Amino acid sequence: SAVISQKPSRDICQRGTSLTIQCQVDSQVTMMFWYRQQPGQSLTLIATANQGSEATYESGFVIDKFPISRPNLTFSTLTVSNMSPEDSSIYLCSVSTGSVEKLFFGSGTQLSVL
Amino acid sequence: GENVEQHPSTLSVQEGDSAVIKCTYSDSASNYFPWYKQELGKGPQLIIDIRSNVGEKKDQRIAVTLNKTAKHFSLHITETQPEDSAVYFCAANYNAGNMLTFGGGTRLMVKP
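Calculation criteria
- Residues numbered from 1 in each chain as written.
- Chains lettered and ligands numbered in written order.
- Predicted model: local features only at pLDDT ≥ 70, side-chain atom pairs only at ≥ 80, totals over all residues.
- Heavy atoms only, no water.
- Disulfide = S-S within 2.5 Å.
- Helix = DSSP H or I, 4+ residues; strand = E, 2+ residues; numbered from the N terminus.
- Buried < 20%, exposed > 50% of the residue type's maximum accessible area, 1.4 Å probe, protein only.
- Lys, Arg positive; Asp, Glu negative; His and termini not counted.
- Salt bridge = Lys/Arg side-chain N within 4 Å of Asp/Glu carboxyl O.
- Polar contact = N/O pair within 3.5 Å; in protein donor to acceptor, adjacent residues only side chain to side chain.
- Contact = heavy atoms within 4.5 Å.
- Phe/Tyr/Trp six-rings, centres within 6.5 Å; stacked < 30°, edge-to-face > 60°.

If you had to explain the state of the cysteines to someone new, which residues and values would you point to?
All names here are of chain A. This structure, assessed with the given rule, holds 2 disulfides over all chains. Linked covalently through their sulfurs, cysteine 23 and cysteine 93 form a disulfide whose S-S length is 1.9 Å. Residues cysteine 23 and cysteine 93 are joined through a disulfide that is left-handed, its torsion about the S-S bond being -65°. With cysteine 23 in strand E3 (residues 19-25) and cysteine 93 in strand E9 (residues 89-96), the pair connects residues that are 70 residues apart, well separated along the chain. With respect to burial, cysteine 23 and cysteine 93 carry one shared label: buried. Cysteine cysteine 13 remains unbridged, with the sulfur of cysteine 23 as its closest cysteine sulfur at 18 Å.

What follows is the structure, given as structure tokens:
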């Protein structure tokens, strides 16, 4: 299994500011994903982070609001821009070695926006 | 796209009893059905999965059954223990690919 380090684990932010979340994996992985988990809700895929190219966003999510970087096969960042209280959620990094059967999650970033 | 419905949303059982969580899916092309357990403050962790060419899979106290015709699958936990208390998510891949759609989650509470 892959060991995923996600930072920060939690943060409290002011409305209108931005937060960048980092995801570091202990081995090279084929695919990296970012999920959002709103309070008491299920996991919703935000985007697939593509190495060396622009991320692929799911319906309802846009690059201006959630810019993503993936400079190499072990690291990715998700930025939540111009935050509002509605952005308060857990954000999860997930990685796969290429097979849907090998999908692992980080411990998440608990974001609260005041 | 895929739609995964999960029931119940909360489940409370007495320690030692069995717990059953059910999911239905819409995409007939789905062929992989994992179950994840999420403890408080942690990310989801895969606990068991099943492929569509198998009807049942068991791993110690947990088992998953799949009815491909009816497009539903279930998680069974026997002899529940307090440490089984967590949120459980079912999922299905859509279009037989590498992307998962998750159910709404079930909060399982095991009372000692």
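Residues and numbers for the side chain of B:Glu2, please.
Residues and elements named next belong to chain B. Positionally, glutamate 2 belongs in the segment before strand E1 (4-7). Of the side chains bearing the opposite charge, lysine 71 lies closest to the buried glutamate 2, which forms no salt bridge; the N-O distance is 7.4 Å. From its side chain, glutamate 2 meets the backbone nitrogen of serine 26 in a polar contact 2.8 Å long. Those residues in contact with glutamate 2, other than ones at most four positions away along the chain, are Tyr25, Ser26, Asp27, Ser30, Ala92, Asn93, Tyr94 and Thr101.

Explain the pattern of salt bridges to me, using residue names and the numbers behind them.
All told, the structure shown has 5 salt bridges over all chains when counted by the stated rule. Here A:Lys65 makes a salt bridge to A:Asp87, at a shortest N to O gap of 2.7 Å. Linking A:Lys65 in the loop between strand E6 (56-57) and strand E7 (68-72) with A:Asp87 in the loop between strand E8 (75-80) and E9, this pair joins segments that are 22 residues apart in sequence. Using a relative accessible area of 6% as the deciding quantity, one classes A:Asp87 as buried. Through salt bridges that share partners, B:Lys37, B:Glu39 and B:Lys42 make up one connected network.

So what about the packing of aromatic side chains? Which residues, and what values?
For the coordinates displayed, the defined rule picks out 11 aromatic pairs over all chains. Taking the centre distance of 5.7 Å and the plane angle of 90° together, the rings of A:Tyr35 and B:Phe102 count as edge-to-face. In this pair, A:Tyr35 is assigned in strand E4 (residues 31-37) and B:Phe102 in strand E10 (residues 100-102), connecting two distinct chains. Overall, the relative accessible area of 7% leaves B:Phe102 in the buried class. Consider the rings of B:Tyr25 and B:Phe73, whose centres lie 6.0 Å apart with planes at 55°: the pair is tilted. Linking B:Tyr25 in strand E3 (residues 19-25) with B:Phe73 in strand E8 (residues 72-77), this pair joins segments that are 48 residues apart in sequence. The class for B:Tyr25 is buried, based on a relative accessible area of 5%. Judged by its relative accessible area of 0%, B:Phe73 is buried.

Keep in mind that these numbers describe shape and distance, not what the molecule does.
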